[in-house]
Amino acid sequence: MTTNTPTPPLPVPAMPPPRRPGDPVPGGMRTVAVIDMGTNSIRLNIADIDGEGRVHPVDSLNQPVELGKDTFTDGAISKSTISQVIDVLKRFRAVMEQYHVTQPEQIRAVATTAVREARNRDAFLDRIYVATGIAAKVIDAAEETRLTYQSIMPHIVADPKLASLPTLVIEVGGGTTEVLMLQNKDVMYSHSHRFGARRLREMLEKYRIVDARLRRLMERQGEVIVQQIRQNVELTHAPNIIILGGEARQAALHILGEGEGENLARLPVSALSKFVDQILSLAVEDIVRKFKLQFPEAETLAPTLLAYVQIARAMKARHLLVSKATMRDGLLVEMATGGLWSEEFFSQIVRSAMDLGRKYQFDAAHAVHVASVCRTMFEVLKQEHRLDPRYGLVLHVAALLHEIGNFVNSQGHHKHAMYLILNSELFGMGQRDLLMTGLIARYHRRAEPQPTHPEYAALDRESRIAVTKLAAILRVADALDRGHLQGARNITCTIQGGDFVITLPDVDDLSLEQVALHQKGAMFEDVYGMRVVLRKGQSPAVSA
């Protein structure tokens, strides 16, 4: 986890001369590689990153491997498929070495739905690490959405019309469908649907459902997606729709021709519909021959495009915008920044948390005030907690949501808050971050973290320690607004000797805060080894 700094745009600078395998790395550049183990194939992208954090594509490879076929039919990845994956990764490793990508820090490998849902996923990841030295990580749906956002935003920002109008970004993948609704560059809605073309194909085969029902099933799923979007976002007119994925690019190439070199190609829905009808009339073998596709890609071409057509019609859109952006672009952006989250991305997560708080009728003024105090304390205590600044975001979100459990019942509201957070979607926050957020909110009062608490025990040691440190901060910040009046403004914090001194210049009587701190401050003293002291007056330290 790392600091918040501006995320560099995706590469559109003047391109350096093309590199060939074996060529030396250009001066001032570092070469990295990202690997995406998807439902139908494994993909490799190699790129150079310059001194300003810009990404320059170097090479890419794509090898079909039907991970999804195993997982969606048998629930596990077969030995033969594991062997196939290892063979592919060994070939990728050889190519990476030709481009001088040899160190673990130069490689980021991720696995998505097909591996995520396999019951033998841990054994699968261990096996490929032993055989290839590549340490792949399973990412959850929220992380996929985050990477999609990272990859597509530079193209949206570059187009004033897209930046100001509602824009739906959607990718129908093999196992899931990722949906992002943006307006004025803000994330209005995001969701990952457990629906994909490969998953549907395997379901049809498993239950011996005839292919004739494929069209209706895909159309129905498109209707469900649009219905959920409309339930969460008020749309007065048709949004721009950006579609992602290899199937969308294949359709654009066939319909628009080789000349479609734009980042966002404009594809008429009527033309796409005719193309889908043509594909549906062909056997899979004919699609392979006609469009020069691999067999797994040919099987998912029609179902995926059918979903896009139905979504466009339901949204009353006449054109679709086909993007060349991929999740791997998002991975490269994160490698270029060292995994740092930009202030813009930080604000999108906070916006999502505020929306969730309003849903559960939280006291917004109290929540924002406590979050602000937490941010000040986190900064002043950085030498003591030694946590990466990204943990500050987790604390900030937990502070915003720590009292949403009152929506269920004021009694035990800290536990209700954890439940609501763990069962909600917060844009950009993966399962681990969400679990930490819920636990920090849960521990803002009453019992301190205990190894007998199942959610807490489920975390790794580093995360458990972080939760304890951050919950201790939240308890103090919450105590300073015991009356929910936000009277303690312009708070300053300093460390003086063995005391953590909090100065409250706008409060004449500290009695209420002193009582609250007496009740909730013990955990802070135990964790940080400092007594919390409240004072009136001014202080030259960092302000909230």
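As the structure is a prediction and not an experimental result, all values here were calculated from the model. (Residues numbered from 1 in each chain as written. Predicted model: local features only at pLDDT ≥ 70, side-chain atom pairs only at ≥ 80, totals over all residues. Heavy atoms only, no water.)

K.L.:
For this particular structure, what's the right way to read the confidence of the model for the chain?
P.N.:
When pLDDT drops low, the exact placement of atoms in the prediction is not to be read closely. Put simply, the chain has an average pLDDT of 89, and 93% of its residues get 70 or more. Note on residues 1-14: pLDDT under 50 across the span, and 44 contacts to partners over four residues away in sequence or across chains. Considering only residues more than four positions removed or in separate chains, one finds that residues 539-544, a stretch of pLDDT under 50, has 19 contacts. (pLDDT = per-residue confidence, 0-100. Contact = heavy atoms within 4.5 Å.)

K.L.:
Could you clarify how one ought to interpret the sheet that holds strand β5 (residues 136-138) in this entry?
P.N.:
The strands making up a sheet associate through backbone hydrogen bonding, with each pair oriented either parallel or antiparallel. Strand order across the open sheet formed by five strands is β3-β2-β1-β4-β5, with mixed pairing between neighbours. Strands with a single pairing partner mark the edges of an open sheet, and in this sheet they are β3 (55-64) and β5. Across the sheet, the mean angle separating the axes of adjacent strands is 20° when strand polarity is ignored. Of the pairings in the sheet, the one linking strand β4 (residues 107-111) to β5 comprises three bridges and is parallel in character. Among the inter-strand pairings, Val 110 is bridged to a residue of β5, identified as Lys 137. (Pairing = 2+ DSSP bridges. Helix = DSSP H or I, 4+ residues; strand = E, 2+ residues; numbered from the N terminus. Axes fitted to C-alpha atoms, helices over the stretch in contact; angles between N-to-C directions.)

K.L.:
What should I look at first to understand the layout of surface pockets in this one?
P.N.:
Empty space among the atoms can be located by rolling a probe the size of a water molecule over them. Reported here for the second largest pocket is a volume of approximately 1200 Å³. Along the walls of the second largest pocket sit 43 residues, with Lys 137, Ile 139, Asp 140, Glu 143 and Gly 430 positioned nearest its centre. Those elements that provide at least two residues to the lining of the second largest pocket are β4, β5, α5 (141-157), β8 (186-193), α13 (327-336) and α19 (431-442). Split by residue class, the lining of the second largest pocket holds 16 nonpolar, 13 polar and 14 charged. (1 Å grid on protein atoms, 1.4 Å probe; cavity = no way out; pocket = protein on both sides within 12 Å on 5 of 7 lines; lining within 4 Å. Points joined across faces, edges and corners; volume = space filled by probe spheres on them. Nonpolar A, V, L, I, M, F, W, Y, C, P; charged D, E, K, R; others polar.)

K.L.:
Which parts of the structure should I look at to understand the nonpolar core?
P.N.:
Generally speaking, a soluble globular protein has its nonpolar side chains buried in company with each other. Formed by 87 residues in total, the largest nonpolar core has its most connected members in Met 377, Ile 502 and Phe 524. Considering every element that reaches this core, the biggest residue donor is helix α21 (residues 461-479), with 10 residues. Not counting chain neighbours up to four residues away, the residues in contact with Met 377 comprise Ile 473, Val 476, Ala 477, Cys 493, Phe 500 and Phe 524. Counting residues in each nonpolar core, the second largest holds 46 residues, with Leu 214, Ile 241, Val 276 and Phe 291 among its members. (Core = buried A, V, L, I, M, F, W, Y, C linked by side-chain atoms within 4.5 Å. Buried < 20%, exposed > 50% of the residue type's maximum accessible area, 1.4 Å probe, protein only.)

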